[in-house]
Amino acid sequence: MKRLLYVFLLLALCFACKKADKPKKTGLITKNAMVVSARVEASKIGSDILKKGGNAFDAMASMQLALAVAYPYAGNLGGGGFMVYRKSDGEIGSLDFREKAPLAATRDMYLDENGDVLPEKSTLGAMAVGVPGSVAGIFAVHEKFGSLPMEDIIKPSINLAYRGVVVTQKQETRIKKYQPLFLKANKDSIIFSKSWKYGDTIKYPAFAKTLERLLQHGKDEFYKGETAKRLVKFLKENGGIITEEDLARYTVKWRTPTTFMYDDLKIISMPPPSSGGICLAQIMKMIEPYDLDKFGHNSVKAIQVITEAERRAYADRSFYLGDPDFVNIPSDTLISTLYLNDRMQTFSFEKATSSKDVSHGDVQVIESDETTHYSIIDQFGNAVSVTTTINGAYGSKLYCSELGFFLNNEMDDFSSKPGVPNMFGLIGGDANSILPEKRMLSAMTPTIVEKNGKLFMSVGTPGGSTIITSVMQTILNVHEFNMTMQEAVNAPRFHHQWLPDEIRMEPNLFERSLILQLEKLGYPINEKDSPVIGKVDGILVLDDEMLEGGADYRGDDTAVGF
């Protein structure tokens, strides 16, 4: 009997060990270099640039162009974005190539005679378009840090545009969904008016010709040359106000990143006019005193702490934040430990704080969910994190067939009227009101993380107001909950943005008992409005210095490396 008991205990122990040793789910692991983006075509082009001996900055320029071809839903020439970088020697910086308001823009340009917001004027068609910054961003990065000739950077995307891009199932669904708006915004039918099916190939010859002119004439082609003239003529014919002077005056801005510590991590993120870095710092520093790892991943207590920190950070967001070239931002105070400890004084595990009881913060803003992100770590140890957008899905839905790209509807990211929600439900404040040549506030949060002074992670995501919280949860998943990069990206996500006063959760991914406990504590739960919260693309430097790419299953995202 004793022997049988011994055998039984031994088998039970073996079973327990096997269960404990269940292999962790990892993404692609490579030794030298890695890129992760929303489309395999763009990731391959970025990886090929690195294989050719180019650096992360060469890959950034090439992937920005490749995404404009392969992922017109958010990749762009007609939009803008932000880049955060960390060079192999530890030097850090950021580039702001965000769009600007045209010179003819006015504070009340989207209001009627009664002072009410005009429906769709800031979201659909030519009046919604801000002055694009993507081309200036590409050339600025290449000029400062690039190592390969511009021909190597642009040629792959020219070839891709002529060769065409295969339609994925998700892309077929997206095109079909937005076709009524394409018809509404454009006078003539456009390439996306056709009935594209999964497996079809879409070719972009007009876009290829635009890229050929950029290759021949450089940045000035887009801002002062033939392309600029054609673009302005097209916008004017469609009722827009962007002029040749607007394009000629556009400049990018190199900015100092927002940096802060969380345990032994140094977080390097985007400063204003992105709200990403400051909000990320506020949330993470408010939750740092709590033992999240002991609470457990997505436990009631962990969700409470994170939600309450998010509530307070988003309440601060647009009351204080805007374009730093136009408004004074108390950045140091907003991310100071003293200020943030005080903000959490009213938090209790016993019940939810009501958003109406959280002041400034006072009000906030958002941009759309339809942004895109790519992360790069090269074979030299340089890291780049880039988030780029045309704002809404396919931007303003206005497509210049002659040039081959969509224009942004970024003007909706300003406060059309302080105190009134924009198309994505968030409220704007005076700091983000419209002024000529001002850059609109953003939630984009391209981020690089160091651990004990060494490169640890490059991460970011699309997702509008959920960008900040998705980036934060991904970092915490790795750091607090010992996940692989892929597990951290795959994990169910939730989000709170002060108003509306609710926790948004990805549907059917959280236990019903957990939701009931949170509701009992006073947290309204909304699963219907957030089918996807972020599409995170990240790269993690492992202990043995190998690289793990995490590509989000929620999109067509793909990691490629060598």
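None of the values given here were measured: they were computed from a predicted structure. (Residues numbered from 1 in each chain as written. Predicted model: local features only at pLDDT ≥ 70, side-chain atom pairs only at ≥ 80, totals over all residues. Heavy atoms only, no water.)

K.L.:
Which residues make up the sheet that holds strand β4 (residues 92-97), and what values go with them?
P.N.:
Read across the sheet, seven strands follow the order β7-β4-β3-β11-β10-β2-β21 without closing on themselves; strand pairing throughout is antiparallel. In the strand order of this sheet, the two ends are held by β7 (253-255) and β21 (558-561), each with one partner. Put simply, the sheet's adjacent strands are angled 15 degrees from each other on average, direction ignored. Here strand β3 (residues 80-86) runs beside strand β11 (residues 383-389); their pairing, made up of seven bridges, is antiparallel. Paired with Arg-86 across the two strands is Ala-383, which belongs to β11. (Pairing = 2+ DSSP bridges. Helix = DSSP H or I, 4+ residues; strand = E, 2+ residues; numbered from the N terminus. Axes fitted to C-alpha atoms, helices over the stretch in contact; angles between N-to-C directions.)

K.L.:
Describe in detail the pairing of strand β8 (residues 258-262), supporting the description with residues and values.
P.N.:
Residue alternation in β8 divides its side chains into a buried set, Thr-258, Phe-260 and Tyr-262, and an unburied set, Thr-259 and Met-261. Between the antiparallel neighbours β8 and strand β9 (residues 265-269) lie two residues, among them Asp-263 with a positive phi of about 55 degrees. (Buried < 20%, exposed > 50% of the residue type's maximum accessible area, 1.4 Å probe, protein only.)

K.L.:
How would you summarise the nonpolar core if you had to cite specific residues and measurements?
P.N.:
If you look at the biggest cluster of nonpolar residues, it comprises 84 residues, and the most contacted ones within it are Met-83 and Ile-376. Element by element, the count of residues in this core is highest for helix α3 (residues 56-70), at twelve residues. Here Met-83 is in contact with Phe-57, Met-60, Gly-93, Ser-94, Leu-95, Phe-97, Val-141, Trp-254, Met-270, Val-384, Ser-385 and Val-386, once residues within four sequence places are set aside. Of all hydrophobic cores here, the second largest spans 81 residues; its members include Val-305, Met-344, Ala-383 and Trp-498. (Core = buried A, V, L, I, M, F, W, Y, C linked by side-chain atoms within 4.5 Å. Contact = heavy atoms within 4.5 Å.)

K.L.:
Kindly report on the UniProt feature "binding site: L-glutamate" (unreviewed entry) in the protein, identifying the contributing residues and their values.
P.N.:
In the numbering adopted here, UniProt assigns the feature "binding site: L-glutamate" (unreviewed entry) to Arg-98, Thr-389, Ile-390, Asn-391, Asp-413 and Gly-464. If you trace the backbone, Asn-391 turns up in the loop between β11 and β12 (399-400). Among the residues examined, Asn-391 registers a relative accessible area of 0% and is labelled buried. A polar contact is formed between the side chain of Asn-391 and the backbone oxygen of Asn-409, at a distance of 2.9 Å. Checked against the element boundaries, Gly-464 lands in the loop between β15 (454-460) and α16 (466-479). (UniProt positions renumbered as here; feature names shortened; annotations may be inferred. Polar contact = N/O pair within 3.5 Å; in protein donor to acceptor, adjacent residues only side chain to side chain.)

K.L.:
Any details on the packing of helix α2 (residues 40-51) against α3? Residues and values, ideally.
P.N.:
Contact geometry of α2 with α3 gives a least axis separation of 8 Å together with a crossing angle of 155 degrees. It follows that α2 is roughly antiparallel to α3 by the angle criterion. Two packed elements cross with a definite hand, and for α2 against α3 that hand is right-handed. Residue-level inspection shows Glu-41, Ala-42, Ser-43, Ile-45, Gly-46, Ile-49 and Leu-50 of α2 in contact with α3, the latter providing Ala-56, Asp-58, Ala-59, Ser-62, Met-63, Ala-66, Leu-67 and Ala-70. In terms of residue class, the contact of α2 with α3 is built from ten nonpolar, three polar and two charged. (Parallel < 35°, antiparallel > 145°, perpendicular 65-115°, else oblique. Left-handed = near helix turned anticlockwise from the far one by under 90°. Nonpolar A, V, L, I, M, F, W, Y, C, P; charged D, E, K, R; others polar.)

K.L.:
Let's hear about the pattern of salt bridges: which residues, and what values?
P.N.:
Taken as a whole, this structure holds 34 salt bridges when the rule is applied. In this structure, the salt-bridge partner of Glu-487 is Lys-24, at a minimum N-O distance of 3.5 Å. Residue Glu-487 is located in helix α17 (residues 485-490), and its partner Lys-24 is located in the loop between α1 (2-20) and β1 (29-30); the two are separated by 463 residues in the primary sequence. What makes Lys-24 partly exposed here is its relative accessible area of 45%. Via salt bridges that share partners, Asp-96, Lys-253, Arg-255, Asp-323, Asp-325 and Arg-439 belong to a single interconnected network. (Salt bridge = Lys/Arg side-chain N within 4 Å of Asp/Glu carboxyl O.)

K.L.:
Tell me about the environment of Ile-29, and name the residues and values.
P.N.:
With respect to the helices and strands, the residue Ile-29 is situated in strand β1. Not counting the four nearest positions on each side in its chain, Ile-29 is found in contact with Met-34, Leu-542, Met-546, Leu-547 and Glu-548.

K.L.:
If you had to explain the sheet that holds strand β14 (residues 447-451) to someone new, which residues and values would you point to?
P.N.:
Within a sheet, each strand pairs with its neighbour through backbone hydrogen bonds, oriented either parallel or antiparallel. A sheet is described by the order of its strands in space; here seven strands give the open sequence β1-β20-β19-β15-β14-β9-β8, paired in antiparallel fashion. For this open sheet the edge positions go to β1 and β8, each flanked by a neighbour on one side alone. The pairing of β15 with strand β19 (residues 537-541) spans four bridges and is antiparallel. The residue bridging Gly-460 from the neighbouring strand is Asp-537, located in β19. Across the sheet, helix α11 (residues 276-287) lies against β8, β9 and β14, angled at about 15 degrees from β8, the strand it touches most.

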